[in-house]
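Topology and contacts: notes
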Amino acid sequence: MMIKRVFPGLTWKSVAISSSIVGYIGLSYKFAVERHEYIKQKKKLESLRETFGGKFSLTDHRGQPFASDQLLNRWILIYFGFTHCPDICPEELEKITDVINTLDKEEDITPINPLFVTVDPKRDNPEAIAKYLKDFHPRLIGLTGSQEDINKVAQLFRVYSHAGIPDEHNEYIVDHTIITYLMNPDGEFVDYYMRSNTVEQICNSVKTHMKDYVVLRKESFWQWLLAKMC
Ligand code: NI
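Note that this is a predicted model, so its numbers are computed, not measured. Counting from 1, residues in each chain are numbered in the order their sequence is written. With pLDDT at 70 or above as the cut-off, local features in this predicted model cover only qualifying residues; side-chain atom pairs require 80 or more to be listed or tallied, and sums for whole chains, interfaces and linings still use all residues. The side-chain figures draw on all heavy atoms in the structure; neither hydrogens nor water molecules are used.

What follows concerns the overall build of the protein. Helix numbers and strand numbers start at the N terminus; a helix is a DSSP run of H or I with at least 4 residues, a strand a run of E with at least 2. Secondary structure summary: the protein contains 6 helices and 9 strands in total. With C-alpha atoms as the basis for the radius of gyration, the globule rule is written as 2.2 Å multiplied by the number of residues raised to the power 0.38. The C-alpha radius of gyration of the protein comes to 25 Å, more than 25% above the 17 Å expected for a compact globule of 230 residues. C-alpha extents for the protein along the principal axes are approximately 85 × 60 × 30 Å. Throughout, exposure labels follow a simple rule: accessible area from a 1.4 Å probe, protein chains only, divided by the maximum for the residue type, with under 20% read as buried, over 50% as exposed, and the rest as partly exposed. Here the protein, with 230 residues, has 37% of them falling under the buried criterion.

In structure tokens:
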């Protein structure tokens with residue numbers, strides 16, 4: 001055998017053992033790096049927790065009052081946009097619809113409630129939003145309000161929007177932030193998704209956050225019990 005001639009005393013067995021050791025160290029290192037990245041990302045998201053969200057009251061697409069308290073006890077995806085948006089908003093709402101349909105098919109997944117908040121309340125009254133949302137997921141709730149109320153909510157989520165100059169048909173574009181936020185059942189910000197995130201990436205992220213949430217709740221339950229007992 002070639003290997004014996006070059007390295008006397010070396011057997012295939014020892015080569016196999018040493019390469020699995022090297023492989024194991026390599027894999028451990030890879031996992032350590034991934035874990036480090038995961039913890040870093042988690043810390044970053046936790047530091048952002050206080051930055052997004054807060055109390056608000058608007059009107060839904062059925063013309064009913066909608067308060068931020070209604071977001072509690074459910075997982076929420078929030079997206080800001082406007083019904084006259086030519087391409088980006090339909091694409092993002094399509095993506096949210098796909099995410100929800102995908103997650104709905106999985107077992108043990110709490111149904112997610114998607115929310116669409118208009119940044120163009122002048123044109124987007126409840127009727128306009130109701131008509132628009134028919135093309136997307138049936139659970140989508142559309143929200144509108146006075147310009148002042150919308151500005152307040154946009155500020156809570158650090159959403160930028162700016163209406164362009166109307167053309168001769170009084171049509172105009174509203175420039176706006178394209179982010180979808182994930183909120184947990186405590187009404188806290190958990191994560192955000194950009195235009196570049198795929199349906200698969202969002203689904204995986206949501207599932208990870210749901211698992212983390214259960215683990216955290218369990219931990220806090222034991223802490224609570226321990227505090228009661230001591
Ligand atoms: Ni848009």
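In this section: the layout of surface pockets. For cavity detection a 1 Å grid was placed over the protein atoms alone, and a set of points counts as a cavity when a 1.4 Å probe fits there but cannot get out; an open set counts as a pocket when protein lies on both sides within 12 Å along at least five of seven lines, with lining residues being those that have an atom within 4 Å of a point. Grid points are joined across faces, edges and corners, and a volume is the space filled by probe spheres set on the points. Within this model, the largest pocket holds a volume of roughly 280 Å³. Lining of the largest pocket is provided by 18 residues; of these, Y38, K42, L45, H209 and D212 occupy positions nearest its centre. When contributions to the lining of the largest pocket are tallied by element, the ones reaching two or more residues are α2 (12-48), β9 (189-193) and α6 (199-229). It is α6 that contributes the most residues to the lining of the largest pocket, 8 residues altogether. Each residue gets one label: Ala, Val, Leu, Ile, Met, Phe, Trp, Tyr, Cys and Pro are nonpolar, Asp, Glu, Lys and Arg are charged, and the others, such as Gly, are polar. Within the lining of the largest pocket, the residues separate by chemical class into 6 nonpolar, 6 polar and 6 charged.

The subject of this paragraph is empty space enclosed by the protein. Across all of its chains, the model carries 2 cavities of 30 Å³ or more by this definition. As a volume, the largest cavity reaches approximately 40 Å³. At 3 residues, the largest contribution of residues to the lining of the largest cavity is made by strand β4 (residues 112-118). In the lining of the largest cavity, the residues fall into 6 nonpolar, 2 polar and 1 charged. Here the second largest cavity is characterised by a volume of approximately 30 Å³. Around the second largest cavity, the lining residues are L77, K95, I96, V99, T180, Y193 and I202. Looking at which element gives the most residues to the lining of the second largest cavity, the answer is helix α3 (residues 88-105), with 3 residues.

In terms of nonpolar packing, the biggest core is built from 54 residues, with F56, I78, F80, F157 and Y181 touching the most fellow members. The dominant element in this core, judged by the number of residues it contributes, is α3, at 7 residues. Contacts are residue-level and defined by heavy atoms, with any inter-residue pair within 4.5 Å sufficient. Ignoring anything within four residues of it in the chain, the contact list for I78 reads L71, L115, V117, F157, I179, T180, Y181 and M183. We define the nonpolar core as a collection of buried residues of types Ala, Val, Leu, Ile, Met, Phe, Trp, Tyr and Cys that are connected through side-chain atoms lying within 4.5 Å of one another.

In this section: the pairing of strand β5 (residues 141-144). Burial of the side chains of β5 extends over both faces: I141 and L143 are buried on one face and G142 and T144 on the other. Strand pairing requires that DSSP identify at least two bridges connecting the strands. In this sheet, β5 lies alongside β4 in parallel orientation, the contact comprising 3 bridges. In the strand pairing of β5, V117 is matched with L143. Orient the strands so they point away from the viewer, and a crossover whose first-strand-to-second-strand path over the helix runs clockwise is right-handed. The parallel pair β4 and β5, bridged by helix α4 (residues 126-133), forms a crossover whose chirality is right-handed.

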